[in-house]
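# Geometric and topological summary
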Amino acid sequence: GPKVLQIPSHQIIDMGQMVTLNCDPVSNHLYFYWYKQILGQQMEFLVNFYNGKVMEKSKLFKDQFSVERPDGSYFTLKIQPTALEDSAVYFCASSLRGSSAETLYFGSGTRLTVL
Amino acid sequence: AQKVTQTQTSISVMEKTTVTMDCVYETQDSSYFLFWYKQTASGEIVFLIRQDSYKKENATVGHYSLNFQKPKSSIGLIITATQIEDSAVYFCAMREGSSNTNKVVFGTGTRLQVLP
């Protein structure tokens, strides 16, 4: 089936540094999402993105977070500066039209460790 | 606000048996969609099956089926003839249909272990 690729699979950084998580969504998809999962718990919605804009974000999407998809390339999640509580697995997802009935296609996640 | 609750943290079953995983949801929306996803040991998240709130018939895909009890706001996942490779964490999720939100809300997951 369609694949969402996330690079890298694991990233370790020092607290206060900037990190960018990259996502290569399914090629013809138009809606993009980031979810955060801590220690194998539930996935918590961070943000969704369409047509170059943030459509919706949760309280977890702090001011230090930003997303973009420059020139239709990678969909990125940037955290600047990072904090210890940002350590988690971040999942990217995409969908074609963003309709409510559509399933999301997820990447395999990037495990972020903030030291 | 949307909410999805999975009370079973972990279940163990013998291979080739049937297992049911529970999920209840909360929504103010009259139209919504319910999903089950599977997360494998490698972390991969795979869509399994969907139930549309306006459909009375329970969805079925392969050896996955749903027990949709709308009055109870319940959407159980049934796996028949379980296999070792069904061992994974199963997440119930919901998306509202007619509200302004586009997000999918997940439950906390149920870890299924299928024993030989």
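Let me begin by describing the structure that accompanies this report. (Residues numbered from 1 in each chain as written. Chains lettered and ligands numbered in written order. Predicted model: local features only at pLDDT ≥ 70, side-chain atom pairs only at ≥ 80, totals over all residues. Heavy atoms only, no water.)

## What about the pattern of salt bridges?
All names here are of chain A. Per the stated rule, a full pass over the model turns up four salt bridges over all chains. Close ionic contact of Lys62 with Asp86 constitutes a salt bridge, the shortest N to O distance being 2.9 Å. In this pair, Lys62 is assigned in the loop between strand 6 (53–57) and strand 7 (65–68) and Asp86 in the loop between strand 8 (75–79) and strand 9 (88–95), connecting sequence segments 24 residues apart. On the basis of relative accessibility, which here comes to 0%, the residue Asp86 falls in the buried class. (Salt bridge = Lys/Arg side-chain N within 4 Å of Asp/Glu carboxyl O. Helix = DSSP H or I, 4+ residues; strand = E, 2+ residues; numbered from the N terminus. Buried < 20%, exposed > 50% of the residue type's maximum accessible area, 1.4 Å probe, protein only.)

## Comments concerning unusual backbone geometry
The peptide bond linking Ile7 of chain A to Pro8 of chain A adopts the cis configuration, its omega dihedral lying at -5°. By the element assignment, Pro8 of chain A lies in the loop between strand 1 (5–7) and strand 2 (10–13). Here the phi dihedral of Lys16 of chain B falls at roughly 75°; this positive angle occurs in a residue that is not glycine. Within the fold, Lys16 of chain B resides in the loop between strand 2 (10–14) and strand 3 (19–21). A positive phi is found at Ser73 of chain B, a non-glycine position, where the angle reads about 50°. Take Ser73 of chain B: it is sitting in the loop between strand 8 (64–69) and strand 9 (74–79). The class of Ser73 of chain B is partly exposed, set by a relative accessible area of 24%.

## A look at the pairing of strand 7 of chain A
Residue and element names in this part refer to chain A. Burial of strand 7 is one-sided: the residues Phe65 and Val67 facing one way are buried, the residues Ser66 and Glu68 facing the other way are not. With four bridges joining them, strand 7 and strand 8 adopt antiparallel strand pairing. When the sheet's bridge partners are listed, Val67 is paired in strand 8 with Leu77. Connecting strand 7 to the antiparallel partner strand 8 that follows it, the hairpin turn spans six residues, and Asp71 within it adopts a positive phi of roughly 55°. (Pairing = 2+ DSSP bridges.)

## Looking at the interface of chain B and chain A
Taken together, the contacts link 20 residues of chain B with 22 residues of chain A. Summing the contributions of chain B and of chain A, the shared interface buries around 1,800 Å²; its carbon and sulfur component is 50%. Our enumeration of links across chain B and chain A arrives at one salt bridge. Taking the shortest distance from any N to any O, the salt bridge between Glu44 of chain B and Lys3 of chain A comes out at 3.7 Å. (Contact = heavy atoms within 4.5 Å. Buried area = accessible area lost by both parts, 1.4 Å probe.)

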